Amino acid sequence: MSKSIDKINSTAVPVHLENIDTDQIIPARFLKATSRDGFGENLFRDWRYNSDGTPKAGFILNNPTYKGKILVAGKNFGCGSSREHAAWAIKDAGFDVVVSSFFADIFKNNALNNFLLPVTVSDDFLQQLFTAIEKDPGTTIDVNLETQTITASGRSESFQIDNYKKTCLLNGYDDIDYLLSIKPEIETFEKTHS
């Protein structure tokens, strides 16, 4: 399975709430595992399920009308604690991209390190996305990492990403893979500067 991200064309799941913190994304009681697998089933656990484990009918992830590889969330997504498990849960639930108008820095870095692309858009563009998706759940969003653009309903916006992280995502590299990819340049540098 490729970890690389280049172009994502998908419908989206809208979570139209602001200030979603990492404890809401993945509650602390599920942080005992050290493997990244299985966290997706507990994504937004307390919002998705009743105490007896039955799905809450009103929560968006329990509505089969909304699906896709893109999660669209309100402003200030991923605030709170620094738990990397939040990014694991979103990725394990099948999302490759999270769109918001603001991300907490630690969440953003954890997402990038786990091949989950956080796309920051303007407040206006975000509201237009929510409106379009809620009006037509079949609305597709195009995210192009190479050109750093997001397009939906005929409107595009550019987004910023660190060049190093962009290279890693485009190639499916973690930090060690990246170093191995430039091994010849490192060896050349060592020979010429020893």
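Going by the structure above, here's the rest.
Residues numbered from 1 in each chain as written. Predicted model: local features only at pLDDT ≥ 70, side-chain atom pairs only at ≥ 80, totals over all residues. Heavy atoms only, no water.

Visitor: Is there a simple way to think about the sheet that holds strand E4 (residues 97-100) in this case?
Guide: Pairing between the strands of a sheet comes from backbone hydrogen bonds, and it takes one of two forms, parallel or antiparallel. Across the sheet, which stays open at both edges, the 4 strands sit in the order E2-E3-E4-E5 with parallel pairing between neighbours. The two strands at the open ends of the sheet, each matched to only one other strand, are strand E2 (12-15) and strand E5 (117-120). Mean inter-strand twist for the sheet, computed between neighbouring axes without regard to direction, equals 20°. Across 3 bridges, strand E3 (residues 70-73) lies against E4 in parallel orientation. Its bridge partner being in E4, isoleucine 70 is matched across the sheet by valine 97. In the packing of helix H5 (residues 123-135) onto the sheet, the strands contacted are E2, E3 and E4, and the crossing angle to E3 comes to about 120°. (Pairing = 2+ DSSP bridges. Helix = DSSP H or I, 4+ residues; strand = E, 2+ residues; numbered from the N terminus. Axes fitted to C-alpha atoms, helices over the stretch in contact; angles between N-to-C directions. Contact = heavy atoms within 4.5 Å.)

Visitor: Please clarify how the pattern of salt bridges should be interpreted in this entry.
Guide: In total, this model carries 5 salt bridges according to the counting rule given. Lysine 91 serves as the salt-bridge partner of aspartate 96, at 2.6 Å between the closest nitrogen and oxygen. Residue lysine 91 is classed as partly exposed on the basis of its relative accessible area of 26%. Here aspartate 124 ties to arginine 155 by a salt bridge, and the two come within 3.0 Å at their closest N and O atoms. One end of the pair, aspartate 124, is in helix H5; the other, arginine 155, is in strand E8 (residues 155-158), and 31 residues separate them in sequence. Taken together, the shared-partner salt bridges in this structure form one network comprising Asp124, Arg155 and Glu157. (Salt bridge = Lys/Arg side-chain N within 4 Å of Asp/Glu carboxyl O. Buried < 20%, exposed > 50% of the residue type's maximum accessible area, 1.4 Å probe, protein only.)

Visitor: Looking at this structure, I do not really get the nonpolar core. What am I missing?
Guide: Here is a general trend for soluble globular proteins: nonpolar side chains tend to be buried in one another's company. Formed by 52 residues in total, the largest nonpolar core has its most connected members in Phe77 and Leu117. The residues contacting phenylalanine 77, other than those within four sequence positions of it, are Ile20, Ile25, Phe44, Leu71, Ile90, Val98, Ser100, Phe102, Phe103, Ala104 and Phe107. (Core = buried A, V, L, I, M, F, W, Y, C linked by side-chain atoms within 4.5 Å.)

Visitor: Whenever I open this one, the side chain of aspartate 96 confuses me. Can you help?
Guide: Its place among the elements puts aspartate 96 in the loop between helix H3 (85-92) and E4. Within the local environment of aspartate 96, its side chain forms a polar contact with the side chain of lysine 91, the two groups lying 2.6 Å apart. Residues within four places of aspartate 96 in sequence aside, it is in contact with Ile5, Ile8, Lys69, Lys91, Phe115, Leu116 and Leu117. (Polar contact = N/O pair within 3.5 Å; in protein donor to acceptor, adjacent residues only side chain to side chain.)

Visitor: Just to check I follow, could you spell out the environment of serine 194 for this structure?
Guide: Relative to the elements of secondary structure, serine 194 occurs in the segment after helix H8 (183-192). Using a relative accessible area of 85% as the deciding quantity, one classes serine 194 as exposed.

Visitor: Would you mind showing me how to read the sheet that holds strand E6 (residues 141-144) here?
Guide: Strand order across the open sheet formed by 4 strands is E1-E6-E7-E8, with antiparallel pairing between neighbours. The outermost strands of the open sheet, each flanked by one partner alone, are strand E1 (7-10) and E8. Averaged over all neighbouring strand pairs, the angle between strand axes comes to 10°, with direction disregarded. As paired strands, E6 and strand E7 (residues 149-152) are joined by 4 bridges and run antiparallel to one another. Paired with aspartate 142 across the two strands is threonine 151, which belongs to E7. In the packing of H5 onto the sheet, contacts are made with E6, E7 and E8, and the angle to E8 comes to roughly 140°.

Visitor: Honestly, the environment of isoleucine 26 in this entry has me stumped. Any pointers?
Guide: The residue isoleucine 26 is located in the loop between helix H1 (22-25) and helix H2 (45-48) in this model. By relative accessible area, isoleucine 26 is classed as buried at 0%. Taking C-alpha positions, isoleucine 26 is 34 Å from serine 181, a pair spaced 155 residues apart along the chain.

Without other data, these values stay purely geometric and don't point to any function.
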